Amino acid sequence: MATLNLKNVKTRPHPTARDTAVAVRPLSAGETIVSVPAWTTALLISEKGRRCDWCGCLPLPGDPLLKCGGCGSYWYCGKKCQLRQWKAHHRSICKYYARYTASAAFQGLPDEEKVDAVLLSHTLANLHESPAEDPAREDDSSPYSVFQTLIEYTSVGYSVPPVCGKSTSISPSPEASSLYARFGNNNFVLHSHLTAFAHGIFPLTSRLFNHSCVPNAVVKYKLKEADLPCMEVVAIADVAEDEEITIPYLDPAIPLDVRQHQLQSRYGFKCNCVACTFQRKINPVPFPSPEDLKGLEAILRQRIQLTGVHSHALSSRYLLPQLPPDLFPLLHDSYLPSLSEAFSKTSHDGEYALALEAGLTLLGLYSMIYPRNYPLIGMHALELAKTAWNASIQGVPGKSEDARLKEARSYLVLSREVLGVLGPEGDPGGPMEEINTLTELLRADGPA
Ligand SMILES: C[S@@+](CC[C@H](N)C(=O)[O-])C[C@H]1O[C@@H](n2cnc3c(N)ncnc32)[C@H](O)[C@@H]1O
């Protein structure tokens, strides 16, 4: 396929990744770079019967999902979603689905692969079912054509899962093999408020965006009844014209070795982003001794300098490579998980003073590891705001009620700013609604 040239982004050759996406014009944090409807999706096993198999929406209260009368295993918001999925692929799957999912070949797959097996079945059925509507084989910008140009999965030893349909053969067809060869390193896990609910194929996004552990864009999903989920790639930093646009293929906070292994085995490349390069240079780091830890954590909290006004309290530059050597032990693989667990446990147990201290330390660590405006920072700031609010209600010693409320407000402002850059996504409600509710409660509690 030739280079792509869209409104905000185009492809440019890359020395090792074939192509990369660059901005066609300057982009601001919060701008949607591309909007790509799913080609096909498949719900996670845990979400079956909970949301619509077509549009991914949750049912409205008092309006249960409609079950497919044929297979009894697909659920829809209503007739419109059902009809659309029927035409897209369900009519060639429905009567074989029960036999397929009960088969030893399907049952033997791990859950994640079961979802990909169903996704492959949907995709193949879609190709066979709608040739007239699918301009695929001629139109070079159709999802099918773009998908066929994607880089193949290089991992050795994967096998093509069984496909649902008339044939009971477990040997994959050349078409199934060719599609599946691009699944592992190109497909996406759809999420709502950072919680996964489906796997999906978005060929244009796969064709465009490379990975970085310090990305300047992230993906989110918009859900609308009767439409397939739509992916939006959103800039989380200002991007200059011609600058590369990258997204995270995995959580940049995963320990370096695990991250590198996953990027190599699943995507076939060695990541040379600024975070990996720096972490490779300083690895291995010692675990901080209990005596040192208290002092290092205090420094981390000071570095945040949460002024109580806005996210500009967090630096706009990516600071990890400037980390003073004294603080390197905080990058030990087991430190972040233990700190995160300490925060969850203490806030769950109502030990709010301890939770607020651990939570602020964790915010300090996140702000070093993640780029500014990374959604998880906003989610964590919201948790901290709720914890500070609870501490104010409980009259937790150590600070006055007013000081706790002020703390809650400052975390809330940070959370709103960071999640505001991402904008609305996923299911209704979620963090933005929680931020609005808490803002009202805090307003009722007197002046800032
Ligand atoms: C979803 S595609 C990205 C688009 C791809 N560059 C292309 O030209 O079609 C994923 C593949 O791109 C390559 N890739 C992505 N990020 C990379 C990076 N940071 N460094 C090197 N290769 C990368 C890998 O081959 C990976 O399997």
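Note on numbering: residues in each chain are counted from 1, in written sequence order. Confidence filtering applies because this is a predicted model: local features only for residues at pLDDT of at least 70, side-chain atom pairs given and counted only at 80 or more, and all residues used for totals across whole chains, interfaces and linings.

**Q** Before we move on, could you go through the overall build of the protein and cite the residues and values that matter?
**A** Along the protein, the regular secondary structure elements total 15 helices and 12 strands. Its C-alpha atoms give the protein a radius of gyration of 24 Å, near enough to 22 Å, the size a compact globule of 448 residues would have. For the protein, the spread of C-alpha atoms along the three principal axes comes to 70 × 55 × 45 Å. Around each residue's C-beta, the other C-beta atoms within 10 Å are counted; 20 or more make the residue buried, 12 or fewer make it exposed, and counts in between make it partly exposed. All C-beta atoms are placed from the backbone. The buried share of the protein, reckoned over its 448 residues, is 41%. In this description a helix means any DSSP run of H or I spanning at least four residues, a strand means any run of E spanning at least two, and both kinds are numbered starting from the N terminus. Here the globule rule is a power law, 2.2 Å times the number of residues to the power 0.38, and the radius of gyration is based on C-alpha atoms.

**Q** Can you explain the domain arrangement of the protein? Please cite residues and give values.
**A** Where each domain starts and ends follows an automatic or database-derived domain assignment. Here the domain parsing of the protein yields domain 1 (9-247) and domain 2 (285-444). Relative placement of domain 1 and domain 2: their C-alpha centres are 34 Å apart. For the purpose of contact definition, each residue receives a C-beta atom placed from its backbone, and two residues are in contact when these atoms lie within 7 Å. Across the boundary between the two partners, domain 1 contributes 17 residues, which contact 16 residues of domain 2. Elements supplying a minimum of two residues to the side of domain 1 that touches domain 2: strand 7 (188-192) and strand 10 (217-222). The dominant element in the side of domain 1 that touches domain 2, judged by the number of residues it contributes, is strand 10, at 4 residues.

**Q** Give me the site of the ligand: which residues, what numbers.
**A** By convention here, the C-beta atom is placed from the backbone, and a residue is near a molecule or strand when that atom is within 6 Å of it. Around the ligand lies a shell of 18 residues, among which Ala17, Arg18, Asp19, Asn210 and Phe269 are the nearest. The set of elements that each furnish at least two residues to the shell around the ligand consists of strand 2 (18-23), helix 7 (203-208) and strand 9 (210-211). Note on residue categories: nonpolar means Ala, Val, Leu, Ile, Met, Phe, Trp, Tyr, Cys or Pro, charged means Asp, Glu, Lys or Arg, and polar means any other residue, Gly included. Classifying every residue of the shell around the ligand by side-chain character gives 7 nonpolar, 8 polar and 3 charged.

**Q** Provide a residue-level description of the sheet that holds strand 3 (residues 32-37), including the pertinent values.
**A** When DSSP finds two or more bridges between two strands, those strands count as paired. The strand order across the open sheet built from 3 strands is 3-11-10, with neighbouring strands paired in antiparallel fashion. Of all the strands in the sheet, the pair left with one neighbour each is strand 3 and strand 10. Adjacent strand axes in the sheet meet at a mean angle of 20° when their direction is disregarded. The pairing of strand 3 with strand 11 (residues 230-235) spans 5 bridges and is classified as antiparallel. The axes used here are C-alpha line fits, helices contributing only the stretch in contact, and every angle between their N-to-C directions lies in the interval 0 to 180 degrees.

**Q** How would you summarise the packing of helix 13 (residues 375-394) against helix 14 (residues 401-422) if you had to cite specific residues and measurements?
**A** Viewed as axis vectors pointing N to C, helix 13 and helix 14 meet at an angle of 160°, and their least axial separation amounts to 7 Å. As judged from the angle between their axes, helix 13 and helix 14 are roughly antiparallel. Crossing geometry of helix 13 relative to helix 14 is assigned as left-handed. Contact with helix 13, carried on its side by Pro375, Ile377, Gly378, Ala381, Leu382, Leu384, Ala385, Ala388, Trp389, Ala391 and Ser392, involves Glu401, Arg404, Leu405, Glu407, Ala408, Tyr411, Leu412, Leu414, Ser415, Val418, Leu419 and Leu422 of helix 14 and no other residues of that element. For the contact of helix 13 with helix 14, the per-class residue count stands at 17 nonpolar, 3 polar and 3 charged. Roughly parallel refers to an angle under 35 degrees, roughly antiparallel to one over 145, roughly perpendicular to one between 65 and 115, and oblique to any angle outside these ranges. Handedness of a crossing follows from how the near helix is turned relative to the far one, being left-handed for an anticlockwise turn of less than a right angle and right-handed for a clockwise one.

**Q** So, unusual backbone geometry: which residues are in play, and what are the values?
**A** Each neighbour pair has its own omega, and for Asn283 with Pro284 the value is -5°, a cis peptide bond. Within the fold, Pro284 resides in the loop between helix 9 (274-282) and helix 10 (290-304). For Arg18, which is not glycine, the phi dihedral falls at a positive 70°. Considering the arrangement of structural elements, one finds Arg18 in strand 2. Positioned with a positive phi, Asn373 is a non-glycine residue whose angle comes to about 70°.

**Q** Hey, could you go over the pairing of strand 11 for me, with residue numbers and the actual values?
**A** Within strand 11, 5 of the 6 residues are buried, leaving the element largely enclosed by the surrounding structure. For strand 10 and strand 11, the ladder comprises 6 bridges, and the chain directions are antiparallel. Bridge assignment links Val219 to a residue of strand 11, and that residue is Val233.

**Q** How would you summarise the packing of helix 10 against helix 12 (residues 352-369) if you had to cite specific residues and measurements?
**A** Interhelical geometry of helix 10 versus helix 12 gives an angle of 70° and a closest axis separation of 8 Å. Between helix 10 and helix 12, the crossing angle belongs to the class labelled roughly perpendicular. In the packing of helix 10 onto helix 12, the handedness of the crossing is left-handed. Touching Glu297, Leu300, Arg301, Arg303 and Ile304 of helix 10 are Leu360, Thr361, Leu363, Gly364, Leu365 and Ser367, all from helix 12.

**Q** How would you sum up the environment of Gln394? Please name residues and give values.
**A** Secondary-structure assignment places Gln394 in helix 13. A residue is classified by how many C-beta atoms lie within 10 Å of it, and Gln394, with 13 of them, is partly exposed. Spatially, the C-alpha atom of Gln394 lies 8.9 Å from that of Tyr352, the residues being 42 residues apart in sequence.

**Q** How would you sum up the UniProt feature "domain: MYND-type" (unreviewed entry) in the protein? Please name residues and give values.
**A** UniProt positions are given in the numbering used here, feature names are shortened, and annotations may be inferred rather than shown by experiment. Taking the numbering used here, the UniProt-annotated feature "domain: MYND-type" (unreviewed entry) corresponds to residues 52-94. Within the segment residues 52-94, helix and strand shares are 23% and 9% respectively, and the terminal C-alpha atoms sit 16 Å apart.

**Q** So, the sheet that holds strand 8 (residues 195-201): which residues are in play, and what are the values?
**A** Remark on secondary structure: sheet strands pair via backbone hydrogen bonds, oriented parallel or antiparallel. The strand order 4-8-7 describes an open sheet built from 3 strands, whose pairing is antiparallel. At either end of the open sheet lies a strand with only one pairing partner, and these are strand 4 (40-43) and strand 7. Strand after strand, the sheet turns through a mean of 35° between neighbouring axes, direction not considered. Pairing between strand 4 and strand 8: 4 bridges, direction antiparallel. Opposite Leu43, over in strand 8, you have Ala198 as the bridge partner. Helix 4 (residues 111-129) contacts strand 4 and strand 8 of the sheet and is inclined by roughly 145° relative to strand 4.

**Q** Help me get a handle on the confidence of the model for the protein, residues and values and all.
**A** Think of pLDDT as the predictor's per-residue confidence, scored from 0 to 100. Looking at the protein, the pLDDT average stands at 92 and 93% of residues meet or exceed 70. Listed scores for the predicted complex are pTM 0.95 and ipTM 1.00.

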